[in-house]
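Understanding the architecture of this molecule
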Amino acid sequence: MITRRPLLAAALAAGAVTAAIGLTSPAAATAAIGQPAPAFTATDVYGRSVSLAGFRGRTVVLEWVNPRCPFVRKHYDSMNMQRTQMDATASGVVWLAIASTAPSSSQHLAPAALAAWIQQQGAVPTATLVDADGRIGRAFGARVTPHLFVVDARGRLAYAGAIDSIASPHASDVDRATNFVRQALTELAAGRAVSVPLTRPYGCAIHYADG
Amino acid sequence: MPCLHRLLFWSALVVASALPLPALAAGAVVTTEQVRAELVAHAPEGVAPGRPLWLGLAIDHAPGWHTYWRNPGDSGLPTTLRWSLPAAFAAGDIEWPLPRRLPVGPLMNFGYEGALLLPVRVTVPEGFDAPLLAVRLRADWLVCKDVCIPEGGDFALEVPAQASTSAHAARFAAAWAQQPQPVQAQASARVEGGTLVVTAAALPAALQGRELHFFPEQAGVIDNAAAAVQRWDGAAWELRVPLSPYRSEGPAAIDAVLVDAQAGSGVRLGFAVSGDWPAPGSVTAAAPAPAAVTATTPLAGQAAPGFVLALLLAVIGGALLNLMPCVFPVLALKVMGFAGHAHARRQLVVGALAYTAGVVLSFLALAALLLALRAGGEQIGWGFQLQSPLFVAALALLFTLIGLNLAGVYQFNLVLPGNLAALRARHPVADSALTGVLVVAVASPCTAPFMGAALGVAATLPAAQALAIFAALGLGMALPYLLATLWPGLARALPRPGPWMLRFKSLMAFPMFATVVWLLWVLGHQIGIDGATGVLGALLALAFVAWALGTPDMGRAARAGFGAASLAVFGLTLAWAAPSLRTLDTPVQAVAADARWQPWSAQAVAAAHAQGRTVFVDFTAAWCVTCQVNKRTVLADPVVLADFDLRGVVLMRADWTRRDAAIADELARLGRNGVPVYALYLPGQALPLLLPELLSVQIVREALAQVSVATRPPG
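Residues numbered from 1 in each chain as written. Chains lettered and ligands numbered in written order. Predicted model: local features only at pLDDT ≥ 70, side-chain atom pairs only at ≥ 80, totals over all residues.

Looking at the overall build of chain A
- Within chain A, the secondary structure is distributed over 6 helices and 9 strands.
- For chain A, buried positions account for 54% of its 211 residues.
- In chain A, once contacts between residues fewer than 6 apart in sequence are set aside, the share between residues at least 24 apart is 75%. (Helix = DSSP H or I, 4+ residues; strand = E, 2+ residues; numbered from the N terminus. Buried ≥ 20, exposed ≤ 12 C-beta atoms within 10 Å, placed from the backbone. Contact = placed C-beta atoms within 7 Å.)

Structural data, given as structure tokens:
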């Protein structure tokens, strides 16, 4: 019942439809929930090149980090960040820690020092990226450390905001807080939509390089 | 950072030793390297009911350091005060002095530098007559420069009740002078796309014409660092400020402080916000640095002209769908009706419009259902209807009935209850609309495979635009018929009604039955040979019923007898087939593997790929016509198979005939929403090469040519 002609027609139709829809993809001016996350390639603390596109098909967490920020230390001293990383990476999620602090800032850590700190904390990110010129941070609109983003397997931004619900510098608040990143990863793994896709991040302002 | 801890420790030690307060562990002052904080009181008439009593935390910042306002801006935390006062004393909220804008590179904070006093009004309860008021305070603040340091302290102070306390009067006076003045400025605000537009009709004369800084008390609403544009028109003021790209709030009312930075004065006003807040996170205004953002964003398309062109292409695509094998017979039916009505033009046009409406609405309904289900997290794609064996069986039934009718086995008017047939005749418009619905339902098996890729992309569009595309598609599908009615010349060109119509009608029964054969084959894959045979039996019995009740030229008694017999047979058949039909809603593992093809799993692909093997995955489904054509022709071609063997390609087949979340996930990862998808994983490349949906021997061989024959692993 299948003849060449209708198939050809159907192929044309499909082509037209695909082209039609492809043309209307909205221009994304910045990272926005549900929209494709900005693409980037960066060098990690060991000099390896890491590209977001290389993880297409896997959920990716981006964590803006600055060891000199007390809010970052709140979540590392309490082991909250490391535990979240371990559980995420154990279930196949890619975790990228990113440092966007400008080298001119007193907050800056050299890549080797950053690597040593990550190791000393027992942290297990898939990679720790150096974003000295702040391009990645600006593209995502990262404001503070820690500021967390979740990119889903299709490369779309699924969560942006704080690690948890209690904006305080006190490690004792960790247990009482809702961990939004954990919640988003659980929902994505279950094939559900992220129920809280946006929260207000809290922490130390990122010191970006000029420009 | 250990050195910081040490520093705090020493600070605490210094504080403890420098303040000899034997009665209390805490004193009125806490000093760190960054701030000197002191609990102060102002009670010029002593502490008594009805007399003014103010408490406050005075913070002197070291140069370059700052603490935060109630809305700290892009980072930071507001200072918090927790009071412990005797029972019935009521401490109010902090009466925040006017904040300052504190830029940090591309970010913006709101806070204070230099000398600051956070005053709190306290109400003294009736009957208070103790000689002293003991005040205790727990204060926490975040102080930042390059680095941020969370600090805090426990403070204690005793205020004499019978004496005047006014040592800090000047400081309190300064804090009061820095309070924003409440105004009734007839202010309002509206959301316009990604911008908040604030207007105020009657601001105090002192502020008119001045540059005002806008500080919303709610955090996370506006883009704090963005330049706001303001305009004065006499006493009327308008401000346009971009919303935060990561806005997590959409308040119905906002309280804000307007500050004339030069004069050091300001007002506080509240206003309602009208207009719809964009969905959180959907504002595509600039983040800290727009230039860098556009450079790294992969998608850049032109909005308006692109969308119009897209709609046009969708119309063309829809028109081409009329040539599909399952659509054509139905269309032919319509054209015949057309020839029959060639004389009544008005009736024809109305019918055509109703038909168009039916087609468009059905497309919209299907697309909306799909979008809704996907939004709900269902792992489905276009063609999802065909993943339900019940739906396939129902379609087979419908097609059989249509085919039998076309073949002349029965007539509708004899089967349908008299009033229903009359209803159809009396409501030709409703009849036309229903035909439109039928065309879409009937066409879905053929269109489904081609809609997959398109819908995968459509999922990235806002729902309204995606639906517009599908409406255009439906319009295109109805267009040939609609044009023919609107163009009388075309109608006249059709052959006159005559015996050819009967022959044509009978002829059209064959594609219908062919479709039934294919649907049963799909069903066989879904629920096995027993289930398919059960459905086949039911179809046969149904044909008998249709004949008995609907064939012309049969006497009353004969029809009654045959009718009763046929219904009994139908009942018996259903009873016989029931056990196998029950599989209609219990899934059976679809069979996909043969000797050469192994069943797909993401792990198997990863494992083979990790060993340096080339992997070819055929994402397919029994209900997908294109998939089957490719499978029977190109993927069974001896040359192609030899090429696969020569290069040691691992062949895997992912069968999506039934719903399968793992396959749906993988398709989504590949940016697709339906089958067929052909993925070729080349050694050393993370991302697979996707081949076109309509394969040819040449396409596959060219893709394989990238794999050198030498990479074939031993064995």
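Past the structure itself, the notes keep going.
Comments concerning the overall build of chain B
- Tallying secondary structure elements over chain B gives 19 helices and 24 strands in all.
- Looking at chain B as a whole, 41% of its 715 residues are labelled buried.
- For chain B, restricting intrachain contacts to residue pairs at least 6 apart in sequence, the fraction spanning at least 24 positions comes to 77%.

Details of unusual backbone geometry
- With an omega of -5°, the peptide bond running from A:Thr145 to A:Pro146 counts as cis.
- Tracing the backbone shows A:Pro146 in the loop between strand S6 (144–145) and strand S7 (148–151).
- The phi angle at A:Met79 is positive, at roughly 70°, despite the residue not being glycine.
- The exposure class assigned to A:Met79 is partly exposed, which follows from the 15 C-beta atoms found within 10 Å.
- Backbone geometry places B:Ala88, a non-glycine residue, at a positive phi of 75°.
- Positionally, B:Ala88 belongs in the loop between strand S5 (80–84) and strand S6 (90–94).

With respect to the environment of B:Ala568
Residue and element names in this part refer to chain B.
- Take alanine 568: it is sitting in helix H14 (residues 556–581).
- Judged by the 12 C-beta atoms lying within 10 Å of it, alanine 568 is exposed.
- In this structure the C-alpha to C-alpha distance between alanine 568 and valine 545, which are 23 residues apart in sequence, comes to 9.3 Å.

Remarks on the pairing of strand S17 (residues 236–242) of chain B
Residues and elements named next belong to chain B.
- Looking at chain direction, strand S14 (residues 195–200) and S17 are connected through 6 bridges and run antiparallel. In the sheet register, valine 198 faces S17, and the bridge partner there is leucine 239.
- Relative to S17, strand S16 (residues 229–233) runs antiparallel, the two sharing 5 bridges. The residue bridging arginine 231 from the neighbouring strand is glutamate 238, located in S17.
- Once S16 ends, the chain turns through 2 residues before running back antiparallel as S17, passing glycine 234 with a positive phi of about 65°. (Pairing = 2+ DSSP bridges.)

Some remarks on the sheet that holds S5(B)
Residues and elements named next belong to chain B.
- Pairing in this open sheet of 3 strands is antiparallel, and the strands run S5-S10-S11 from one edge to the other. For this open sheet the edge positions go to S5 and strand S11 (148–160), each flanked by a neighbour on one side alone. Averaged over all adjacent pairs, the angle separating strand axes in this sheet is 15°, with direction ignored.
- Pairing between strand S10 (residues 132–144) and S11: 13 bridges, direction antiparallel. Across the sheet, arginine 136 pairs through a bridge with alanine 156, a residue of S11. (Axes fitted to C-alpha atoms, helices over the stretch in contact; angles between N-to-C directions.)

Structural notes on the confidence of the model for chain A
Residue and element names in this part refer to chain A.
- Averaged over all residues, the pLDDT of chain A is 83; the fraction at 70 or higher stands at 85%.
- Ranking the elements of chain A by mean pLDDT puts helix H1 (residues 4–23) last, at 38, and strand S3 (residues 60–64) first, at 97.
- Below a pLDDT of 50 lies the segment residues 1–29, which in the model reaches 81 contacts outside its immediate sequence neighbourhood of four places, other chains included. (pLDDT = per-residue confidence, 0-100.)

Structural notes on the environment of B:Glu38
Residue and element names in this part refer to chain B.
- Note that glutamate 38 resides in strand S2 (residues 35–42).
- Classification of glutamate 38 as buried rests on a count of 21 C-beta atoms within 10 Å.
- The residues contacting glutamate 38, other than those within four sequence positions of it, are Ala28, Val29 and Ala58.

Re the environment of A:Gln35
Residue and element names in this part refer to chain A.
- Secondary-structure assignment places glutamine 35 in the loop between H1 and strand S1 (41–44).
- Using a count of 22 C-beta atoms within 10 Å as the deciding quantity, one classes glutamine 35 as buried.
- Residues glutamine 35 and glycine 155, 120 residues apart in the sequence, show an inter-C-alpha distance of 8.3 Å.

As for the pairing of S1(A)
All names here are of chain A.
- Across 3 bridges, S1 lies against strand S2 (residues 49–51) in antiparallel orientation. From the neighbouring strand, alanine 42 faces S2, where its bridge partner is valine 50.
- Connecting the antiparallel pair S1 and S2 is a turn made up of 4 residues, with glycine 47 showing a positive phi of about 85°.
- Sheet analysis places S1 next to strand S5 (residues 127–130), joined by 2 bridges and oriented antiparallel. By the bridge assignment, threonine 43 is partnered in S5 with valine 130.

Regarding the packing of helix H17 (residues 638–646) of chain B against helix H19 (residues 697–704) of chain B
Residues and elements named next belong to chain B.
- Viewed as axis vectors pointing N to C, H17 and H19 meet at an angle of 15°, and their least axial separation amounts to 10 Å. In terms of their interaxial angle, H17 and H19 are classed as roughly parallel. The chirality of how H17 crosses H19 is left-handed. Residue-level inspection shows Val639, Val640 and Asp643 of H17 in contact with H19, the latter providing Val697, Val700, Arg701 and Leu704.
- When its residues are assigned to classes, the contact of H17 with H19 shows 5 nonpolar, no polar and 2 charged. (Parallel < 35°, antiparallel > 145°, perpendicular 65-115°, else oblique. Left-handed = near helix turned anticlockwise from the far one by under 90°. Nonpolar A, V, L, I, M, F, W, Y, C, P; charged D, E, K, R; others polar.)

What to know about the sheet that holds strand S8 (residues 107–112) of chain B
Residue and element names in this part refer to chain B.
- Strands sit in the order S4-S8-S7 across an open sheet of 3 strands; the sheet is antiparallel. Strands with a single pairing partner mark the edges of an open sheet, and in this sheet they are strand S4 (67–73) and strand S7 (100–104). Strand-to-strand, the axes of this sheet are offset by a mean angle of 50°, without reference to chain direction.
- With 3 bridges connecting them, S4 and S8 associate as antiparallel partners. Among the inter-strand pairings, tyrosine 68 is bridged to a residue of S8, identified as glycine 111.

Points about the confidence of the model for chain B
Residue and element names in this part refer to chain B.
- For chain B, the average pLDDT comes to 77, and 75% of its residues sit at 70 or higher.
- Of all the helices and strands in chain B, helix H3 (residues 290–296) carries the lowest mean pLDDT, 26, while strand S3 (residues 53–61) carries the highest, 96.
- Confidence over residues 710–715 falls short of pLDDT 50; this stretch has 8 contacts with residues more than four positions distant or in other chains.
- Scoring the predicted complex yields pTM 0.50 and, for the interface, ipTM 0.74.

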